[in-house]
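Below are the chains, spelled out letter by letter.
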Amino acid sequence: MKTLKGYGVSPGLTMGQVLKVEQGLPPVYKFRIADDAVLQRELLRFDEAIARTTRELRAFQHKLEEKLGRDHSLMIQAHIMILQDHHFSGAIRDYIHSERVNAEWAVTVINERIREAYQKLQDPYLQDKIFDIQDIAARLLNNIAGWQENHAPEHYENIILVSSEVNLSLLGLMDFSHLKGFAVDSGGWTSHTSIIARSLEIPAVIHLKNITALVHTGDLVLLDGTSGTVHIDPDEAMVAEFHQQSQAEVSAVTESGPYCLLREVESEPAAKVDKALRDLRIYLNSEMPLELRQYQRFGVSGIGLFRSEFVFLRKPTEKMALEDHLEVYRQLAEAAYPGTVNIRTLDLGADKFPESLGRHPEVNPALGLRGIRLSLELRGLFREQLKAIVLANTRNNLQVTIPFVSSLDEILAVKALLREVSREVTGRDEIALPLGAMLEIPSTFFLVDLLAREVDFFALGSNDLVQYTLARDRNNMPHWSPFDSAQPGVLGGLELLRRKTAEHKKEIICCGEMASHPFFVLILLALGYRSLSINPAMLPLIRYITRAVDGKSLRRFYQQLSALHTLPEIEDFFLHQLGNCFPEPLVKTLLHVYRAEMD
């Protein structure tokens, strides 16, 4: 018998036989196509595979909707949107035609390009999206080749599914009535595995590191999703104890505690939210047009951060055209209406556009030509982006945020260019849509008074703000702490920004990781930040937090936190003393989610 310890993300005790599934992209080879007739047949083969993949995804979406409700099927809709996006399927088709290669090779090339684009952005949320892109590519490759799954889980009963990670394609093959549990090498609290397991009330354990190397299909496994323990080949005594415990066990999925699902009702009484948080606005972060109608009944006001750099990364800059932007922004405005959409203009460094600049590589790209500095350098490209946004704003729900602002001059230059573009499009000598500035460089602590005269709102980029305030790169620094966002220097800056923006009656939308973090969102709420833009998967948790705290508990929390001056004190406070400020179910939830994500 072997015992493994991971993190339970869906509670309950279960026992079953292992079904181990290995995943990944199938092997692909490159073939040149010389004959025009053969090339046309190859394009038709690709189009048929797209149609077949779409049908499969829609069937799985319907299956999830029947089992769990429409809200849980939205993750499949996101896959369908990626599959049908011109910059995914269209780029693959164009590559087949222009390079005269087989469809499998084109899928592999475009998939790798998109993967590299996501990796360049060094955003943990977007890094997780790489797994979704690979899942779609693998499904598409299987359909191009006409391969059939020969180990479909629907053929098994009473199984514990074991895998390095469970993607949506694999879940689509499931007969959920036969599935007894998940045991996964990696994963996170907001991964597809965790979300669906909690919704189905199926026990699940993640972060088991190497369970796929230790088990074989058919092994007996006892899984405890509450404690995060998995026993491989349990002895007779343990099996007998399991049967005794399972008879007395009741469902642990409730509206509070570590496994809260937060029941998604059509409307909730205002009394559930403390009066100190009645003016709270929740937005979503996105890198693709997001259908907001499904989220608005949960209190979502719009898209607080749309990462427009993905429009640029899908095609070489010399091939970018107005239509590439316009297509995306029109879809975005329509899908989000009547919610607002905050489009962040290009937020990349010059190292991503060497062919456009003809410059030598920068010694320190993080402090060099990036964000608005790069946009003003690539003025023609930037002008096309602004023009596309103005043209797409037929619903009057688009607004623009400028990243990496460090001076008033940059905002004035943007306003002049935006006025010029607006005049060309509308014929009126005025800026055609709201303009905002990202506050993410420490110098802006002292520029808010000047900037507030020129912009309509602000956005808080907490990721860069923490990094530049502490002069510490969390991607490379060996001594980076997960509690850096609560350091005194950071808290002082956040206090100052909140106070200054409030004085000018300007909305400030928090769209960095702090707004989606189970601990640090408490800091933002305690300081008075009332506009949060979060990752969609964190919506249930953040809504739960905002209904579990009140003004009094937030003040007590911040009073105690601000009295601490060292990282060990701050870490101890979050991990062991939150119970002095907040209800026990909330504290258990925060600690459980934090440990599941940070391990």
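For the structure, check the block above.
Report follows, based on the coordinates. Since the model is a prediction, treat every value here as computed from it, not as a measurement.

**Quick notes on the packing of aromatic side chains**
In step 1: Applying the stated rule across the entire model yields 12 aromatic pairs.
In step 2: Relative to Phe582, the ring of Phe557 has its centre 5.5 Å away and its plane inclined at 45°; by these criteria the two rings are tilted. Of this pair, Phe557 sits in helix H22 (residues 551-561) while Phe582 sits in the loop between helix H23 (567-576) and helix H24 (584-598), placing them 25 residues apart in sequence. Each member of the pair, Phe557 together with Phe582, is buried.
In step 3: Taking NZ or CZ as reference, Arg370 lies 4.2 Å from the ring centre of Phe404, over its face.
In step 4: Over the ring of Tyr337 we find Arg395; its NZ or CZ atom is 4.0 Å from the centre of that ring.

**What about the packing of H22 against H23?**
In step 1: Interaxial distance between H22 and H23 falls to 11 Å at its minimum, and their mutual angle equals 150°. Here H22 is positioned roughly antiparallel relative to H23, judged by the angle of their axes. Counted together, Phe557, Gln560 and Leu561 of H22 and Ile570, Phe573 and Phe574 of H23 form the full contact between these two elements.

**Topic: unusual backbone geometry**
In step 1: For the peptide bond that leads from Tyr337 to Pro338, omega is 5°, which places it in the cis range.
In step 2: The backbone phi angle of Arg100 is positive, close to 55°, even though this residue is not glycine.
In step 3: Topologically, Arg100 is positioned in the loop between helix H3 (86-99) and helix H4 (103-120).
In step 4: One non-glycine residue, Ala471, adopts positive backbone phi at about 50°.
In step 5: Residue placement: Ala471 occurs in the loop between helix H18 (462-470) and helix H19 (488-503).
In step 6: By relative accessible area, which is 72% here, Ala471 ends up exposed.

**Points about a positive patch on the surface**
In step 1: A surface patch of like charges, here positive, comprises Lys275, Arg278, Lys552 and Arg555.
In step 2: Of note, Arg555 is situated in helix H22.

**Focus on the pattern of salt bridges**
In step 1: Tallied over the full model, the rule gives 22 salt bridges.
In step 2: For Glu56, the salt bridge goes to Arg139, with nearest N and O atoms at 2.8 Å. Separated by 83 residues along the polypeptide, Glu56 in helix H1 (residues 36-68) and Arg139 in helix H5 (residues 124-145) bring together distant segments of the chain.
In step 3: Among the residues examined, Arg139 registers a relative accessible area of 12% and is labelled buried.
In step 4: Taking the shortest distance from any N to any O, the salt bridge between Lys588 and Glu584 comes out at 3.2 Å. With a gap of 4 residues between them, Lys588 and Glu584 both fall in helix H24, about one helical turn apart.
In step 5: Classification of Lys588 as partly exposed rests on a relative accessible area of 44%.
In step 6: When its relative accessible area of 53% is taken as the criterion, Glu584 is described as exposed.
In step 7: Through salt bridges with shared partners, a single network forms among Glu309, Arg344, Asp347, Arg370 and Asp464.

**A word on the environment of Ile80**
In step 1: Structurally, Ile80 can be placed in helix H2 (residues 74-84).
In step 2: It is 8.7 Å that separates the C-alpha atoms of Ile80 and Thr53, two residues lying 27 residues apart in sequence.
In step 3: Not counting residues up to four positions away in its chain, the partners in contact with Ile80 are Thr54, Leu57, Arg58 and Gln61.

**Side note on the sheet that holds strand S7 (residues 220-224)**
In step 1: Read from one edge of the open sheet, 8 strands run S1-S8-S7-S3-S4-S5-S6-S2, paired in mixed fashion. A strand with exactly one partner marks an edge of an open sheet, and here the two such strands are strand S1 (2-5) and strand S2 (7-10). Sheet twist, expressed as the mean angle between neighbouring strand axes with direction ignored, is 30°.
In step 2: The pairing of strand S3 (residues 13-20) with S7 spans 5 bridges and is classified as antiparallel. Counted as the bridge partner of Gly16 is Val221 from S7.

Thresholds, definitions, all that
- Residues numbered from 1 in each chain as written.
- Predicted model: local features only at pLDDT ≥ 70, side-chain atom pairs only at ≥ 80, totals over all residues.
- Heavy atoms only, no water.
- Phe/Tyr/Trp six-rings, centres within 6.5 Å; stacked < 30°, edge-to-face > 60°.
- Helix = DSSP H or I, 4+ residues; strand = E, 2+ residues; numbered from the N terminus.
- Buried < 20%, exposed > 50% of the residue type's maximum accessible area, 1.4 Å probe, protein only.
- Lys NZ or Arg CZ within 6 Å of the ring centre and 35° of its normal.
- Axes fitted to C-alpha atoms, helices over the stretch in contact; angles between N-to-C directions.
- Parallel < 35°, antiparallel > 145°, perpendicular 65-115°, else oblique.
- Contact = heavy atoms within 4.5 Å.
- Patch = residues over 30% accessible without salt bridge, like charges linked within 9 Å, V, L, I, M, F, W, Y side chains within 5 Å.
- Areas by Shrake-Rupley, 256 points an atom, 1.4 Å probe, with all protein chains shown as cover.
- Salt bridge = Lys/Arg side-chain N within 4 Å of Asp/Glu carboxyl O.
- Lys, Arg positive; Asp, Glu negative; His and termini not counted.
- Charge placed at Lys NZ, Arg CZ, Asp CG, Glu CD.
- Pairing = 2+ DSSP bridges.

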